[in-house]
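So the chains spell out like this:
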Amino acid sequence: VCFIPGGLDCSISFVSHVLGKVCIHGRQKEILGVLVPRLMDLTNSDCIWQRICWRLVECVPDRWMEAVVLGFVQGAPRADVLSRLLGNLVVKNKKAQFVVTQKMLLLQYGHATAVLQSLLGYLSLDSVRRTLLLRVLQELLETWSSNSAVKHSPPEQQLYISKAILICLSHLKKPEIESCRQELLTSMMVGVKCHLDSSLPQLRRLGMVVAESISLKINTEGPVLKFEYEEDNETRELKSLLVQTPPFCVVPSLPDDDRSEKADAALPLVPESNEKPHTAAAVMPDEELGAELDSDDDLIPYDMSEDKELKIKAPVYIRDCIEVLTGSGSEDLDKWEATIKALESLVRKNPAAVREVSVELAKILLHLEEKTCIEGFVELRQRAQVAVLTTDPIPVAKYLTSQFYSLNYSLRQRMDILDVLVLAAQELSCPKFHGKTKPSGAQKPCIQLLPGSDSSKDWRRIVDERIKSKTRRFVTGQSHVELASCPNEFNSVAGHFFFPLIQHFDRPLTTFDLLGEDHLVLGRLVHTLAILMYLAVNTVAVTAMGKALLEFVWALRFHTDSYVRQGLLSCISSLLLSVPAERILADMTEELLETQSWLGDVVEKDSDGDCRRLALQNLLLMENLKKKLEVLPS
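Reading guide: rules and limits
Residues numbered from 1 in each chain as written. Predicted model: local features only at pLDDT ≥ 70, side-chain atom pairs only at ≥ 80, totals over all residues. Heavy atoms only, no water. Helix = DSSP H or I, 4+ residues; strand = E, 2+ residues; numbered from the N terminus. Buried < 20%, exposed > 50% of the residue type's maximum accessible area, 1.4 Å probe, protein only. Contact = heavy atoms within 4.5 Å. Areas by Shrake-Rupley, 256 points an atom, 1.4 Å probe, with all protein chains shown as cover. Core = buried A, V, L, I, M, F, W, Y, C linked by side-chain atoms within 4.5 Å. Salt bridge = Lys/Arg side-chain N within 4 Å of Asp/Glu carboxyl O. 1 Å grid on protein atoms, 1.4 Å probe; cavity = no way out; pocket = protein on both sides within 12 Å on 5 of 7 lines; lining within 4 Å. Points joined across faces, edges and corners; volume = space filled by probe spheres on them. Nonpolar A, V, L, I, M, F, W, Y, C, P; charged D, E, K, R; others polar. Phe/Tyr/Trp six-rings, centres within 6.5 Å; stacked < 30°, edge-to-face > 60°. Patch = residues over 30% accessible without salt bridge, like charges linked within 9 Å, V, L, I, M, F, W, Y side chains within 5 Å. Lys, Arg positive; Asp, Glu negative; His and termini not counted. Charge placed at Lys NZ, Arg CZ, Asp CG, Glu CD. Axes fitted to C-alpha atoms, helices over the stretch in contact; angles between N-to-C directions. Parallel < 35°, antiparallel > 145°, perpendicular 65-115°, else oblique. Polar contact = N/O pair within 3.5 Å; in protein donor to acceptor, adjacent residues only side chain to side chain. Expected span 1.5 Å × (residues − 1).

Caption draft 1: Expanded view of the overall build of the protein. Helix and strand counts for the protein stand at 32 helices and zero strands. Across the 634 residues that make up the protein, the buried fraction comes to 41%. In the protein, once contacts between residues fewer than 6 apart in sequence are set aside, the share between residues at least 24 apart is 74%. Here the protein has roughly 37,300 Å² of accessible surface; of this, 55% comes from carbon and sulfur atoms.

Caption draft 2: Broad picture of the nonpolar core. Core analysis: the biggest nonpolar cluster contains 88 residues, and F404, F490, F497 and L525 have the highest contact counts within it. A per-element tally of this core places helix α27 (residues 519–535) first, with nine residues. With residues up to four places along the chain from it excluded, the contact list for F490 reads A425, L428, S429, F497, L532, L535, A536 and T539. One finds L32, V73, L120 and I177 within the second-largest nonpolar core, a separate group that totals 75 residues.

Caption draft 3: Main features of the pattern of salt bridges. Under the definition given, this model contains 24 salt bridges. Of the charged contacts, one joins E178 and R181 as a salt bridge, the two residues approaching to 2.4 Å between their closest N and O atoms. Using a relative accessible area of 26% as the deciding quantity, one classes R181 as partly exposed. In the salt-bridge network here, residues are joined through shared partners; they are E344, R348, E379, R383 and E427.

Caption draft 4: A look at empty space enclosed by the protein. Using the criterion set out here, one finds two cavities of 30 Å³ or more in the structure. Counted as a void, the largest cavity has a volume near 40 Å³. What lines the largest cavity is V378, R381, Q382, Q385, D416 and V420. Of all the secondary structure elements, the ones that give two or more residues to the lining of the largest cavity are α22 (377–391) and α24 (411–429). The element best represented in the lining of the largest cavity is α22, accounting for four residues. Looking at the lining of the largest cavity residue by residue, the classes come out as two nonpolar, two polar and two charged. Each pocket or cavity is described by its volume, and for the second largest cavity that value is around 40 Å³. Taken together, K547, L550, E551, M588 and E591 make up the full set of residues lining the second largest cavity.

Caption draft 5: Examining the environment of P351 more closely. Locating P351 in the fold gives a position in helix α20 (residues 351–356). In this structure P351 comes out as partly exposed when scored by relative accessible area, which is 31%. A sequence separation of 36 residues divides P351 from A387, and the C-alpha atoms of the two residues are 9.5 Å apart.

Caption draft 6: Quick peek at the packing of aromatic side chains. Taken as a whole and assessed by the stated rule, the structure comprises six aromatic pairs. For the ring pair F498 and F499, a centre distance of 5.4 Å and an interplane angle of 90 degrees mean the geometry is edge-to-face. On the basis of relative accessibility, which here comes to 25%, the residue F499 falls in the partly exposed class. Considering the side-chain rings of F505 and F552, the 4.8 Å spacing of their centres and the 80 degrees angle between planes classify their relative orientation as edge-to-face.

Caption draft 7: A look at a negative patch on the surface. Together, E551, E590, E591 and E594 make up a region of like negative charge exposed at the surface. If you tally residues by element for the negative patch, the top one is helix α31 (residues 589–605), at three residues. With respect to the secondary-structure elements, E594 resides in helix α31. You can call E594 partly exposed: its relative accessible area is 43%.

Caption draft 8: Geometry of the packing of helix α7 (residues 113–124) against helix α8 (residues 127–144). Relative orientation of the contacting elements α7 and α8 amounts to 130 degrees, with a least axis distance of 6 Å. Judged by the angle between their axes, α7 and α8 are oblique. On the side of α7, the interface is formed by L120, Y122, L123 and S124, while α8 contributes R129, R130, L132, L133 and V136. In the contact of α7 with α8, the residues fall into six nonpolar, one polar and two charged.

Caption draft 9: Representation of the environment of M415 within the structure. With respect to the secondary-structure elements, M415 resides in helix α24. Classification of M415 by relative accessible area gives buried; the value is 8%. Residues M415 and F404, spaced 11 residues apart in sequence, show a C-alpha to C-alpha distance of 8.5 Å. Setting aside residues no more than four positions away along its own chain, M415 makes contact with L520, V521 and R524.

Caption draft 10: The side chain of Q158, seen in detail. With respect to the helices and strands, Q158 occurs in helix α10 (residues 155–171). Given a relative accessible area of 1%, Q158 falls into the buried group. In this structure the side chain of Q158 is engaged in a polar contact, spanning 2.6 Å, whose partner is the side chain of S153.

Caption draft 11: Examining the packing of helix α2 (residues 47–58) against helix α4 (residues 79–86) more closely. Packing of α2 against α4 brings their axes to within 6 Å, and their N-to-C directions diverge by 75 degrees. Accordingly, the angle class assigned to the pair α2 and α4 is roughly perpendicular. Two secondary-structure elements touch here, α2 through Q50, C53, W54 and V57 and α4 through S83, R84, L85 and L86.

Caption draft 12: Summary view of α27. Between its first and last C-alpha atoms α27 spans 24 Å; for 17 residues at 1.5 Å apiece the expected length is 24 Å, and the two agree. Most of α27 is tucked away: 12 of the 17 residues are buried. Among the residues of α27, those classed as buried are H519, V521, L522, G523, L525, V526, T528, L529, A530, L532, M533 and L535. Against α23 (393–404), α24, α26 (494–503), α28 (542–556) and α29 (562–578) lie the buried residues of α27.

Don't take any of this as a statement about function, it's just geometry.
In structure tokens, the structure reads:
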């Protein structure tokens, strides 16, 4: 640092120009990484150096102001340090004000939480700058409660805006909250509705957390808004931002004696434990005293240690199960519970009896409601539905797919239908396991190829025996269960699962509109079709399914919900993986060329990161398909 002797005036505009030009040419970290710590030390206790630093930043030309301000904000560790370095720059300079209050908060979302805390804390530390803090909060709430912003901005930006809102709320004082209470309430009601309408669980949870925080701030004395959701690290971090903890306040440590004395002085006086009964008895009213004397505490309890719970015998016939599940008597609740637990195994053991009443049983299970607090009721009912569907696939699939578009069903029931269809399709498409043990990956969906000819089996057997005879094994481990070669049972029923679901998606009902407000179910439907397409590999109907699915995707490709778009892109992946390359080339060439152009637009322009990743993955699959076709002989 150079000093000018004799008290002469000087101008530092040249230094400001040099600083701005260096920062705009990509050397921001190098120069400010040295300059900011040095200025922090000089301005810590010297007001003259504070004025020099303010002047240094104020004289930077507007075309370079953004790079300099951004570097100072990122380099300052705390809000008070940033206030010393910048002063009231955001009030004096319009460019700096735009960068701090607009660009860094609403147009960018890659800054760390600590940078947000420093930035918004800087706005709150001066009375002149607090008006900007209130204006920033208002603009953040407008963006947070905008339906269009929720639909078209990525979840990372929604999280960034939510953090900024909570940090702003932590800096508000009671008079400021009172003055904007109505605006906060209105934004909270509109914003939480937009977020709860989203198909993405992360956005719904963000809306709940922010709405709870706003309610906590504006209703300090009355009841506050409370949602039920699973807390994770993200929600805990968000809630911690609402509590303002000054990082620069250090509490001096006390000696042990002083600490214990002060702690004892701070605690309220509580009577000793052996004095509690006497004190309570002295002030107890007569009514309560009489009630205590009349209590049953002096009765000797029965010894029930050797008692055994009565086991209710579950029905052994399918028709008996139907009678129990459809009965309305409350005296049979234990039998009803035993029936639910035993139904899946009973269905799998008696396939012939199940086929006689399969549709009736599927209808009962679809409408079945929980009568008792049985653990895992939803899973037990779902497993029983899957067992019925895999036992008699065609009639039960026709019934379930027809009910998906019927009236008087809740959204939950419609999504249950989709889940059951997917689980049953996975089970039918996987090979059967012969042996007492199942491999660890038995529950995962897999692709089972059609069996080869007898000659191929003999060839495989001869090679395996030859390898086994020439192999020396020192330790014999646990034998693996081999998958038996068998046909894909999903082959003959894939069309019954797939085509009814894809037929009526564009026909709104009185209580069900897939293309309207029920886009959550539409997203589940699209993902279900993608899974069914993937499981239909090597089936007879796979080409027809692929063509129908491609038309379905093309009709919905510009949907505003990111969850739906992710499902559509998954459909393209399933199609490319399941339909034979020759059939794609022969039957879907023009459609795939148009799809390739659309995928390129998604990679470049889609706001959702998962959509961009899936689109890029599909383009790579198409490139691999093209190379595969070039290698094949004509």
